[in-house]
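One letter stands for each residue in the lines below.
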Amino acid sequence: MQIRVEHHPEPVLTTITPWVHKGVDAAYYAATAFDPPRPKPVHGKGYPLWVIEHRGRSLVFSSPEEIAHVIDVLGRRILPSSRDLGQPYMAVNSHWLSRLHAGFKPWKVRQELVKRLKQAPPA
């Protein structure tokens, strides 16, 4: 399990992005300002994207804040429910944790994943 940084010409929305970067001036998909702010492009490279793979599956992050959020959630011995993470009663299955592949959910895999995410290289 290794983590790498890629760069893309356009900003990338991951499944985790809406749960970390909240729209300030409008609903998420129409927002132009976010809290915390989304990363700026690296000059000459583009927007950073962190990718970690495990058994043919990938997790993708578009910011260090997303990585920190996933470390917090997956580092818990017992995974929280979507409602515990602030998801309203409607659309519980839209939360990134409920969509996470089962291969990432065993405790031993999550421990290794958290260890690798803490070693994420800077953009």
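Higher on the page you've got the structure.
Residues numbered from 1 in each chain as written. Predicted model: local features only at pLDDT ≥ 70, side-chain atom pairs only at ≥ 80, totals over all residues. Heavy atoms only, no water.

**Q** Give a detailed account of unusual backbone geometry, specifying residues and quantitative values.
**A** The omega torsion of the bond from D35 to P36 falls at -10°, within 30 degrees of zero and hence cis. Checked against the element boundaries, P36 lands in the loop between strand 3 (34-35) and strand 4 (47-54). Phi at R55 is positive, roughly 50°, even though this residue is not glycine. Positionally, R55 belongs in the loop between strand 4 and strand 5 (57-61). (Helix = DSSP H or I, 4+ residues; strand = E, 2+ residues; numbered from the N terminus.)

**Q** I'd like a description of helix 4 (residues 107-118), backed by residues and values.
**A** For helix 4, which comprises 12 residues, the first-to-last C-alpha distance of 16 Å matches the rise-based estimate of 16 Å (1.5 Å per residue) to within 8%. What helix 4 keeps buried is the set V109, R110, L113, V114, R116 and L117. Here the buried residues of helix 4 occupy an arc of 165° about the axis, which is enough to place them on one side. With respect to the buried face of helix 4, the exposed residues turned more than 90 degrees away are K108 and K118. Residues of helix 4 that are buried make contact with strand 1 (3-8), strand 4, strand 5 and helix 2 (64-74). (Expected span 1.5 Å × (residues − 1). Buried < 20%, exposed > 50% of the residue type's maximum accessible area, 1.4 Å probe, protein only. Arc of directions from axis to C-beta. Contact = heavy atoms within 4.5 Å.)

**Q** Can you break down the sheet that holds strand 5 residue by residue, with the values?
**A** Sheet strands associate in pairs through backbone hydrogen bonding, adopting either a parallel or an antiparallel arrangement. Strand order in the open sheet made by the 3 strands is 1-4-5, with antiparallel pairing throughout. Each edge of the sheet is formed by a strand with only one pairing partner; in this case those strands are strand 1 and strand 5. For this sheet, the mean inter-axis angle between neighbouring strands, taken without regard to orientation, is 30°. Here 5 bridges tie strand 4 to strand 5, and the two strands are oriented antiparallel to one another. Looking at strand 5, one finds that H54 is bridged to R57. Packed on one face of the sheet, helix 4 meets strand 1, strand 4 and strand 5 and runs near 150° to strand 4. (Pairing = 2+ DSSP bridges. Axes fitted to C-alpha atoms, helices over the stretch in contact; angles between N-to-C directions.)

**Q** Provide a residue-level description of the pattern of salt bridges, including the pertinent values.
**A** Tallied over the full model, the rule gives 4 salt bridges. With its nearest N and O atoms 2.8 Å apart, the salt bridge here joins E6 to R4. Taken together, the shared-partner salt bridges connect R4, E6 and E53 into one network. (Salt bridge = Lys/Arg side-chain N within 4 Å of Asp/Glu carboxyl O.)

**Q** Give me the lowdown on the pairing of strand 4, citing residues and values where you can.
**A** Of all 8 residues in strand 4, 6 are buried; the element is thus mostly enclosed. Across 6 bridges, the pairing between strand 1 and strand 4 is antiparallel. Bridge pairing in strand 4 places I3 opposite I52.

**Q** How would you summarise the nonpolar core if you had to cite specific residues and measurements?
**A** Counting residues in each nonpolar core, the largest one holds 19 residues, and the members touching the most others are F61, L74, W96 and L117. For this core, the secondary-structure elements that each account for two or more residues are strand 4, strand 5, helix 2, helix 3 (96-99) and helix 4. With 5 residues, the top contributor of residues to this core is helix 2. Beyond its immediate sequence surroundings of up to four residues, L74 is in contact with L79, W96, L97, L100, W107, R110, L113 and V114. (Core = buried A, V, L, I, M, F, W, Y, C linked by side-chain atoms within 4.5 Å.)

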